[in-house]
Amino acid sequence: MSTQEHTVTHIHRDDIGARMGMWLFLFTELLLFGGMFILYSIYRYTYPDAFHLAAKDLNTIIGTFNTAILLTSSLTMALSIAAIQRDRKSLSIFLQFITILLALGFMVNKYFEWSAKFSHGIYPGSEVLLAKPSGEIVFYGLYYVMTGLHGLHVIIGMVLIAIMMRFTYKGIIKADSYVKLETVGLYWHLVDIIWIFLFPLFYLIT
Amino acid sequence: MNETITVPTNGKHPSYLEYKGKYKGFLGWVLSTDHKRIGILYLVSILSFFLVGATFGFLLRLELIAPGRTIMDPQTYNSFFTLHGVIMVFLFVIPAIPAIFGNFFLPILIGARDVSFPRLNLLSWYLYIIGGLLAIISIIAPGGAADTGWTFYIPYSVRTGTNVIYALFAAFVLGFSSILTGINFVTTVHRLRAPGMTWFKTPLSVWSIYSTAWVQVLVTPIIGITLLLVVIERTFSVGLFDPALGGDPVLFQHLFWIYSHPAVYIMILPAMGIVSEIIPVFARRTIFGYKFIALSSVAIAFFGSLVWAHHMFTAGMSNTGQFIFSLLTMIVSIPSAIKVFNWTATLYKGSIELAPPLLYVLAFIFQFAIGGLTGVMLGILSIDIMVHDTSFVVAHFHYVMFGGTGFGIFAALHYWLPKMFGRMYNIKVAKSTFWLVFVGFNLLYFPMFIMGWLGMPRRYYDYLPEFHIYHLLSTIGSWILILGILIMFTNFIVALIRGKKITEKNIWGGETLEWTIDTPPIHENFLEIPTVHEAPYEYKQNETDIRQFQEVK
């Protein structure tokens, strides 16, 4: 009885497929936030005055600052992909690290912004908030939920980029195989784009 | 990322059941990324949940056998119909066909070795199991099982003291599992079709699973966020939907049905694919109107996503809104009818073999026609306002979902199980069981149409004496049905243990790719990826015979 070796190429590489999968996932993310944007627009229509009043209390300066931070982080993310395409490994790792730092800066600002609101007694279920008209309760409900969920996405993005840094360091992500980093980049741009919509809706339209 | 696995094979290729990968035994199953093994994992878990859901349904029917209290108190009754709904909808009907047969057969039908993202596929199964566990926790945890109905309508769902949060989280996690499966299948169909398999040469079940996958991807996130918002609202008393905090409960209903109506197409479309697959095989004929059946799946997926508000005709909506949603609802019936006409046209002058799969398919057509036509009735505003929230709606829903999808699943089990395990079940038993299931089903649900029309509200614990006869008949029907299902499952289990072994590749005479590979399939499905030259369901010999016969006449 002769033992024959049988070889199969089991997992194939399909970069276009991987990108397609990520785009589909980003669709679902857009729809996830889309549900909340629908809520926002309908409640804004129902309570125009209360939304106007409540939005005035948000800190536009911190909001603007955070927008600038996120936009820059998108730039460094894109540059890190460009770097790995040119086979500049350590530059790519450095740019990914900067992206994480910027994301961290965003979260720190968010922390100070939320704690300031909390110290004024404005948080879900608080007496101060419940004493306000229902339009403002809904505004702050949406504010906490939407920016909170966006913040969660920022944290997930930071973890993903950290994993990509390790992959780049170990050489799994390299000049001729960088689809992982590219898809994480796509995700990071989505996080950015959602903020681009949240920022005017909550901070600018007053 | 080319991973090469070398296996000593003695010149033979082991079937996926015997294949030895990195892990052995139980771990070899729960850590396998082979789409066939994942399909079997789903098969076992989904059918187990089906039996749990069926038990709740059976007990509900038993309670309703006579007016007044029979076996349970009203609170238990409320919990039971909630659990019956949540388990059947989220853990059985939605995932059943895509997750079991889609996983097992989609790659084979398009001539691929696996899905695009095998590891993501396994993750989907784990999410399914976590969702299932959360559902079980919601039953046994202190506080009492959720009693809101599977629709979780606000404001009751933020006020009740029962374990709504676990049930909501279960549905959320299951939705995530469903999304990942959808993404996987869309990518697989786009990227991994065998050379030569153009869009109009793909089998029809691939078309329907593909359309379903799009619906899964596009609408599931909406229910995900909606249920999550209810969880947040309950936990942190954030004002979102609760009218006491300025919210709008009707808005919850909109967001809920934006998903949950398309979800019924996630349930029915794959079953329609199964029907389109089975009919040509047992009629030995080319499917009639291939392109129409294929594109009607896409049309159902599209229009089905735009009709959600017909669940809310009585909830407060403008006349214009009612009119538009009623019209769109009517439009969905067109592609559905196209399918039914094409199926019957395929059977016409076919050489029909009444094997168990075809019996279930014929029952599907019969029951789906009843369920579908009553659906058109419910889409008519005047009728809907009269029978809204009566057991007429319950009957309609079960005729489509159980009489349609449920029977589609049974048909698929009878059609593909021998291929999956290389064992044959007892055909005679299967045929006689079919009649039990068919009679039981119709006796169970048809009386609901009548009593609903006469004014019996749904979800009621007690009822007036004039409805007694219908409830009695219905409960007797549930006994026959459950008996039939138990015999069917026993037949399968006996077949798996000591059924006749089969190695024949093509047991039914099908012309799609799964019948060209070994029974049970080898680990790699295809040693060489096939090149496809012809459309599926050609049956050239038969078609020539029929034509000659007609010319002679």
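Residues numbered from 1 in each chain as written. Chains lettered and ligands numbered in written order. Predicted model: local features only at pLDDT ≥ 70, side-chain atom pairs only at ≥ 80, totals over all residues. Heavy atoms only, no water.

### Some thoughts on the overall build of chain A
Moving on, step 1. In terms of helices and strands, chain A carries seven helices and one strand.
Moving on, step 2. Going from N to C terminus, chain A has its helices and strands arranged as β-α-α-α-α-α-α-α.
Moving on, step 3. Relative to a compact globule of 206 residues, whose C-alpha radius of gyration would be 17 Å, chain A shows 22 Å and is clearly more extended.
Moving on, step 4. Taken along the three principal axes of its C-alpha coordinates, chain A extends 85 × 40 × 25 Å.
Moving on, step 5. Across the 206 residues in chain A, those meeting the buried criterion constitute 47%.
Moving on, step 6. Summed over all atoms, the accessible surface of chain A reaches about 9,800 Å², with 69% contributed by carbon and sulfur. (Helix = DSSP H or I, 4+ residues; strand = E, 2+ residues; numbered from the N terminus. Rg over C-alpha atoms; globule rule 2.2 N^0.38 Å. Buried < 20%, exposed > 50% of the residue type's maximum accessible area, 1.4 Å probe, protein only. Areas by Shrake-Rupley, 256 points an atom, 1.4 Å probe, with all protein chains shown as cover.)

### Describing the overall build of chain B
Moving on, step 1. Each helix and strand counted, chain B has 16 helices and three strands in total.
Moving on, step 2. Taking 2.2 N^0.38 as the reference for a compact globule, 553 residues should give roughly 24 Å; the C-alpha atoms of chain B span a radius of gyration of 23 Å, in line with that estimate.
Moving on, step 3. Over its C-alpha atoms, taken along the principal directions, chain B stretches across nearly 70 × 60 × 45 Å.
Moving on, step 4. Here the contacts in chain B between residues at least 6 apart in sequence split such that 82% fall between residues at least 24 apart.
Moving on, step 5. Here chain B has roughly 20,700 Å² of accessible surface; of this, 68% comes from carbon and sulfur atoms. (Contact = heavy atoms within 4.5 Å.)

### Concerning the side chain of H153(A)
Residue and element names in this part refer to chain A.
Moving on, step 1. Checked against the element boundaries, H153 lands in helix α6 (residues 134–170).
Moving on, step 2. You can call H153 buried: its relative accessible area is 8%.
Moving on, step 3. If we skip the residues at most four places from it in the chain, H153 touches E29, L32, F33, Y187 and V191.

### Quick word on a nonpolar patch on the surface
Moving on, step 1. Taken together, F97(A), L101(A), L104(A), V108(A), Y111(A) and F112(A) make up a surface patch of nonpolar side chains, about 610 Å² in accessible area.
Moving on, step 2. In this fold, L104(A) is placed in helix α4 (residues 89–119). (Patch = residues over 30% accessible without salt bridge, like charges linked within 9 Å, V, L, I, M, F, W, Y side chains within 5 Å. Salt bridge = Lys/Arg side-chain N within 4 Å of Asp/Glu carboxyl O.)

### Looking at the pattern of salt bridges
Moving on, step 1. Within the structure shown, the criterion is met by ten salt bridges over all chains.
Moving on, step 2. Put simply, R19(A) and E182(A) hold a salt bridge, and the shortest N to O gap is 3.2 Å. You can see R19(A) sitting in helix α1 (residues 15–46) and its partner E182(A) sitting in helix α7 (residues 179–204), a full 163 residues away along the chain.
Moving on, step 3. Close ionic contact of D242(B) with R159(B) constitutes a salt bridge, the shortest N to O distance being 2.7 Å. Taken together, the residues D242(B) in the loop between α7 (204–236) and α8 (249–283) and R159(B) in helix α5 (residues 156–159) connect sequence positions 83 residues apart.
Moving on, step 4. A residue is classified by how much of its surface remains accessible, and D242(B), at 8% relative accessible area, is buried.

### Some remarks on unusual backbone geometry
Moving on, step 1. Cis peptide bonds are those with omega within 30 degrees of zero, and the linkage from I154(B) to P155(B) qualifies with 0 degrees.
Moving on, step 2. With respect to the helices and strands, the residue P155(B) is situated in the loop between α4 (118–140) and α5.
Moving on, step 3. A cis amide bond, omega -15 degrees, links T519(B) with the succeeding residue P520(B).
Moving on, step 4. Among the secondary structure elements, P520(B) is positioned in the loop between β3 (500–501) and α16 (540–552).
Moving on, step 5. With a phi angle near 65 degrees, D87(A) is a residue other than glycine that sits in the positive phi range.
Moving on, step 6. Counting through the fold element by element, D87(A) comes out in the loop between α3 (60–85) and α4.
Moving on, step 7. At D389(B), a residue that is not glycine, the phi angle is positive and equals roughly 60 degrees.
Moving on, step 8. Inspection of the secondary structure assignment puts D389(B) in the loop between α12 (381–387) and α13 (391–421).

### Quick look at the environment of L359(B)
Residue and element names in this part refer to chain B.
Moving on, step 1. Locating L359 in the fold gives a position in helix α11 (residues 356–379).
Moving on, step 2. The spatial distance from the C-alpha of L359 to the C-alpha of G68 is 39 Å, given a sequence separation of 291 residues.
Moving on, step 3. Those residues within four positions of L359 in sequence are excluded, and the remaining contacts are L354, K431 and F434.

### A word on the packing of α4(A) against α7(A)
Residue and element names in this part refer to chain A.
Moving on, step 1. At a minimum axis separation of 14 Å, α4 and α7 run at an interaxial angle of 30 degrees. Relative to α7, the element α4 lies roughly parallel. Taken as a pair, α4 and α7 cross one another with a handedness that is left-handed. From α4, S92, Q96, T99, A103, F106, K110 and E113 reach across to α7, where they touch L181, W188, W195 and Y203. (Axes fitted to C-alpha atoms, helices over the stretch in contact; angles between N-to-C directions. Parallel < 35°, antiparallel > 145°, perpendicular 65-115°, else oblique. Left-handed = near helix turned anticlockwise from the far one by under 90°.)

### Points about the environment of S474(B)
Residues and elements named next belong to chain B.
Moving on, step 1. Mapped onto the elements of the fold, S474 is located in helix α15 (residues 468–498).
Moving on, step 2. Note: C-alpha distance between S474 and A244 (230 residues apart in sequence) is 41 Å.
Moving on, step 3. Of note is the side chain of S474, whose polar atom sits 2.7 Å from the backbone oxygen of L444. (Polar contact = N/O pair within 3.5 Å; in protein donor to acceptor, adjacent residues only side chain to side chain.)

### Some remarks on the confidence of the model for chain A
Moving on, step 1. With 94% of its residues at a pLDDT of 70 or more, chain A has an overall mean of 91.
Moving on, step 2. Within the model, pLDDT remains below 50 along residues 1–10 of chain A, and this stretch shows 33 contacts once partners closer than five positions in the same chain are excluded. (pLDDT = per-residue confidence, 0-100.)

### What about helix α3 (residues 74–109) of chain B?
All names here are of chain B.
Moving on, step 1. Helix length check: α3, at 36 residues, gives a terminal C-alpha distance of 49 Å against a target of 52 Å (1.5 Å per residue), a fit within 8%.
Moving on, step 2. If you look at α3, its biggest bend is around 65 degrees, right at P95.
Moving on, step 3. By the criterion of burial, α3 is predominantly enclosed, with 32 of the 36 residues buried.
Moving on, step 4. Between the side-chain oxygen at the start of α3 and the backbone nitrogen of Q75 there is a gap of 3.1 Å, and the oxygen is on D73.
Moving on, step 5. Once α3 finishes, G111 follows within two positions and takes phi at roughly 75 degrees, a positive value. (Expected span 1.5 Å × (residues − 1). Bend = angle between axes of the 7 residues up to and from the residue.)

### Some thoughts on the confidence of the model for chain B
Residue and element names in this part refer to chain B.
Moving on, step 1. Chain-level statistics for chain B give a pLDDT mean of 92 and a share of 97% at 70 or above.
Moving on, step 2. The element-level mean pLDDT for chain B is lowest in strand β1 (residues 3–8), coming to 48, with helix α14 (residues 427–453) highest at 97.
Moving on, step 3. Low pLDDT (under 50) marks residues 1–6, which in the prediction has 21 contacts with non-local residues, meaning those over four places away or in another chain.

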